[in-house]
Amino acid sequence: MKQILLITDGCSNVGLSPIVAAAHANSEGISVNVVGVLDHGDVGELGASEIEEIARAGGGLSRMVNMRQLSQTVQMMTRKTVVQTIQIAVQKELKQVLGNGSIEALPPDKRAEVVRVIDELGETSGLQVALIIDASASMKPKLAAVEEAIRDLMLSLQARQGKSEISVFHFPGSRNGDDCVMDLNWTDHLNGVQAIFPKLQMGGTTPTGPAIMHVIDFYRQGVYGRQSRDETDGMMSGYVV
Amino acid sequence: MATSFKIDLRRGMVVTGKWKQGRYRIEKLLGEGANGKVYLVQRDRNWFALKVGSDAVDLQSEINVLQSIAKQKKQGQETFLFDVDDLYGPDGKEYPFYIMRYVLGTTLADYLKQQGAEWFPLVGLNLLGKLAKLHHAGWVFGDLKVENVLVADYGHVELVDYGGVTAVGKGIRQFTEIYDRGYWNGGSRSADAKYDLFSFGVLCIQLHEPKRLHGLTTELLPQNRSVEELMQVAESSQGLRPIAGWLRKAFGGEFHDAGDASAAWRLLMHRSDTHRTSGIPGWLKGLVAVSAVLLGTSVYWLVRNML
Ligand SMILES: Nc1ncnc2c1ncn2[C@@H]1O[C@H](COP(=O)(O)OP(=O)(O)OP(=O)(O)O)[C@@H](O)[C@H]1O
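Residues numbered from 1 in each chain as written. Chains lettered and ligands numbered in written order. Predicted model: local features only at pLDDT ≥ 70, side-chain atom pairs only at ≥ 80, totals over all residues. Heavy atoms only, no water.

J.: Account for the overall build of chain A, naming residues and giving values.
T.: Looking only at helices and strands, chain A has seven helices and six strands in total. Put simply, chain A runs from its N terminus to its C terminus through helices and strands in the order β-α-β-α-β-α-α-β-α-β-β-α-α. For chain A, the share of sequence-separated contacts (at least 6 apart) that also reach a separation of at least 24 residues comes to 78%. Summed over all atoms, the accessible surface of chain A reaches about 10600 Å², with 50% contributed by carbon and sulfur. (Helix = DSSP H or I, 4+ residues; strand = E, 2+ residues; numbered from the N terminus. Contact = heavy atoms within 4.5 Å. Areas by Shrake-Rupley, 256 points an atom, 1.4 Å probe, with all protein chains shown as cover.)

Printed below as a string of structure tokens:
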């Protein structure tokens with residue numbers, strides 16, 4: 001399973017629309033979750049609706065939170081999206097077997113069985129989460145909380161039974177007009193990582209869309225994601241109600 | 001994410017299960033949380049608690065846990081889960097629900113406020129006993145916190161909200177930050193008996209020093225949260241000092257499971273200083289001394305008069 005988690009506090013302002021980029025991700029089998037970090041209760045009307053739409057286009061969830069809730073939100077969203085991804089796959093399977101895709105419509109004992117499978121797959125299948133961090137100037141005071149949330153997410157993922165990895169990116173790049181820079185390649189632990197964002201020069205523009213495209217490319221290069229997806233599908237088709 | 005959960009069942013309404021046609025009369029709302037609402041209901045003159053959920057998959061996975069636990073129950077133990085079905089809400093939509101035993105009781109914090117802190121050692125022991133049973137069957141409670149512990153008369157304890165219950169070895173399904181071992185840099189989020197004992201330790205601090213515990217969560221940088229900080233609060237608290245050694249073991253994962261931990265707790269209870277905080281007030285001790293003297297003199301006079 002592949003996820004992108006975007007943490008931002010406002011509106012994109014250069015390059016490809018982030019909504020288009022998120023739709024691209026979704027068609028590649030990557031769910032896009034978005035967390036909007038509030039200062040004192042405002043990201044602006046525009047920011048809020050963009051955040052919601054990115055998630056909708058990306059087949060993921062969106063949430064507006066203040067910094068104190070960041071860790072718990074990131075953790076919950078990731079977990080929820082895992083279940084949702086599997087649920088969608090299971091529903092497709094159910095449709096073939098029953099001609100009806102809804103888990104809610106199943107009688108209680110069948111539903112119990114299906115949910116047991118969802119829970120089991122949710123715990124054991126491979127998971128990759130690429131975090132994309134908005135590092136525009138206004139985010140600067142929030143980066144400590146973001147880093148904490150990333151460490152906290154790693155801790156939760158390490159408790160899963162399936163292989164779980166994260167990678168971290170920020171945008172915009174500090175020089176040469178880079179859209180997006182990788183801070184951390186795929187890893188399943190943060191031991192020894194002193195600071196995820198060492199000496200960031202906070203840029204002024206917010207190229208959210210191009211950054212998402214950059215990470216989709218990064219996913220394409222990896223083989224691991226593809227393999228784990230096939231595994232999940234294989235397990236799914238072996239399941240009969 | 002369960003964002004808005006609108007179902008609202010009113011007193012006097014009768015809901016009928018879609019699959020098994022069980023009929024339940026709504027009496028009142030008992031509580032609500034992230035995953036649903038809990039109502040007091042009546043069926044054939046018996047009281048039950050009905051939990052209705054917003055997300056069929058979430059609620060079902062909680063029900064699955066309850067059903068597995070029910071299967072492991074030994075004979076003679078009280079039933080907890082009675083019925084599982086779907087209902088039609090006032091909005092015409094279907095909602096999943098389950099029926100459980102109605103637990104008559106108050107939340108832990110309220111109980112101690114009303115009945116007095118001297119009940120704490122016994123309630124703690126009973127709670128450890130509940131956890132021990134769960135651990136023995138291969139489960140970890142997960143989301144242990146004051147709100148999820150109901151206490152009935154004479155310190156009888158019942159756990160509610162099985163949404164966090166996790167099979168040993170898996171990732172904890174649901175937790176609350178301040179009770180979480182990972183939050184305090186005290187270990188992983190994998191389900192093991194020691195995870196619950198860690199939360200139990202935080203719960204003890206929450207009961208005695210809620211303000212100072214909350215203070216730690218706002219003052220400390222994430223990397224500085226530690227068992228040591230928790231222990232400093234415990235050691236400088238009058239109510240917690242007697243159990244500080246026990247707490248250190250719980251935080252350090254030194255108890256094998258809740259059975260082990262409750263044996264150690266029991267030993268503490270029979271030491272006099274555990275009870276001292278709520279013990280005999282000074283003036284009462286004075287009274288006892290006075291009456292002893294009085295008794296002594298009256299015995300003296302009695303004996304003298306007999307002679
Ligand atoms: N069996 C019961 N008997 C009496 N009261 C109950 C029972 N079950 C739950 N309650 C009350 O309802 C409240 C909410 O229930 P519960 O915690 O199960 O809901 P939840 O949606 O899972 O909440 P959370 O957000 O904490 O996960 C409890 O705190 C408790 O006060």
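Moving on from the coordinates now.
J.: Now, about the interface of chain A and chain B: what can you tell me, with residues and values included?
T.: Taken together, the contacts link 32 residues of chain A with 29 residues of chain B. Both sides of the chain A and chain B interface together cover about 2700 Å² of buried area, and 50% of this is carbon and sulfur. At the junction of chain A with chain B, the criterion picks out seven salt bridges. Notably, a salt bridge pairs A:Glu148 with B:Arg225, separated by 3.1 Å at the nearest N-O pair. Counting across the chain A and chain B interface gives 11 residue pairs in polar contact (both at pLDDT 80 or more). (Buried area = accessible area lost by both parts, 1.4 Å probe. Salt bridge = Lys/Arg side-chain N within 4 Å of Asp/Glu carboxyl O. Polar contact = N/O pair within 3.5 Å; in protein donor to acceptor, adjacent residues only side chain to side chain.)

J.: Account for the domain arrangement of chain B, naming residues and giving values.
T.: All names here are of chain B. For chain B, the domain assignment lists domain 1 (14-101) and domain 2 (106-306). Each side of the interface is counted separately: domain 1 has 12 residues, and domain 2 has 12 residues. Note on domain 1 versus domain 2: buried area summed over both sides is about 960 Å², and carbon and sulfur give 55% of it. Linking domain 1 with domain 2 are two salt bridges. The partner of Lys51 in a salt bridge is Asp161, and the shortest N-O contact between them spans 3.9 Å. Linking domain 1 with domain 2 are four residue pairs in polar contact (both at pLDDT 80 or more). (Domains from an automatic or database assignment.)

J.: Which residues make up helix α8 (residues 258-269) of chain B, and what are the values?
T.: Residues and elements named next belong to chain B. Between the first and last C-alpha of α8 there are 16 Å, a value that for 12 residues agrees with the 16 Å anticipated at 1.5 Å per step. Along α8, the residues that are buried comprise Ala258, Ala261, Ser262, Trp265, Leu268 and Met269. All buried residues of α8 lie within an arc of 110° about the axis, which places them on one face of the element. Against α3 (120-136), α4 (193-208) and α7 (244-251) lie the buried residues of α8. Measuring from the side-chain oxygen of the N-cap residue of α8 to the backbone nitrogen of Gly259 gives 3.0 Å; that N-cap residue is Asp257. (Expected span 1.5 Å × (residues − 1). Buried < 20%, exposed > 50% of the residue type's maximum accessible area, 1.4 Å probe, protein only. Arc of directions from axis to C-beta.)

J.: Any chance you could break down the site of the ligand for me, citing the residues and the numbers?
T.: All names here are of chain B. The environment of the ligand is made up of 21 residues, and the closest members are Ala34, Lys51, Arg101, Val103 and Asp161. In this structure, Arg101 approaches the ligand through a main-chain N or O atom, which is 2.9 Å from a nitrogen atom. Asp161 places a side-chain nitrogen or oxygen 2.7 Å from an oxygen atom of the ligand. Bound to the protein, the ligand loses 88% of the 620 Å² it would expose on its own. Going through the elements one at a time, β2 (23-32), β3 (36-43), β4 (46-53) and β6 (94-101) are the ones with two or more residues in the shell around the ligand. The class makeup of the residues in the shell around the ligand is nine nonpolar, six polar and six charged. Counting contributing residues, the shell around the ligand receives three or more from each of domain 1 (14-101) and domain 2 (106-306). (Near = heavy atom within 4 Å. Nonpolar A, V, L, I, M, F, W, Y, C, P; charged D, E, K, R; others polar.)

J.: Can you break down the nonpolar core residue by residue, with the values?
T.: Grouped together as the largest cluster of nonpolar side chains are 68 residues, with contacts concentrated most on B:Trp246 and B:Trp265. Beyond its immediate stretch of four places on either side in the chain, B:Trp265 contacts B:Phe120, B:Pro121, B:Gly124, B:Leu125, B:Leu128, B:Phe200, B:Cys204, B:Ile243 and B:Trp246. In terms of nonpolar packing, the next biggest core, distinct from the first, is built from 42 residues, A:Val90, A:Leu131, A:Ala149 and A:Met154 among them. (Core = buried A, V, L, I, M, F, W, Y, C linked by side-chain atoms within 4.5 Å.)

J.: Pulling in residues and values, what's your account of the sheet that holds strand β7 (residues 106-107) of chain B?
T.: Residue and element names in this part refer to chain B. Pairing is antiparallel across the open sheet formed by three strands, whose spatial order is β7-β9-β10. Where the open sheet ends on each side, the last strands, each with one partner, are β7 and β10 (156-159). Note: strand β9 (residues 149-152) against β10, four bridges, orientation antiparallel. Residue Val151 lies in a different strand from β10, and its bridge partner there is Val157. Along the sheet, α3 makes contact with β9 and β10, crossing β10 at roughly 40°. (Pairing = 2+ DSSP bridges. Axes fitted to C-alpha atoms, helices over the stretch in contact; angles between N-to-C directions.)

J.: Talk me through empty space enclosed by the protein; I want residue IDs and the actual numbers.
T.: Gaps between atoms show up when a probe of the same size as a water molecule is rolled over them. Residue and element names in this part refer to chain B. Under the defined criterion, the tally for this structure stands at one cavity of 30 Å³ or more. As a volume, the largest cavity reaches approximately 40 Å³. Along its surface, the largest cavity is lined by Leu108, Leu112, Phe120, Val123, Gly124, Leu127, Phe200, Leu203 and Leu207. Mapped by element, the contributors of at least two residues to the lining of the largest cavity are α2 (108-115), α3 and α4. (1 Å grid on protein atoms, 1.4 Å probe; cavity = no way out; pocket = protein on both sides within 12 Å on 5 of 7 lines; lining within 4 Å. Points joined across faces, edges and corners; volume = space filled by probe spheres on them.)

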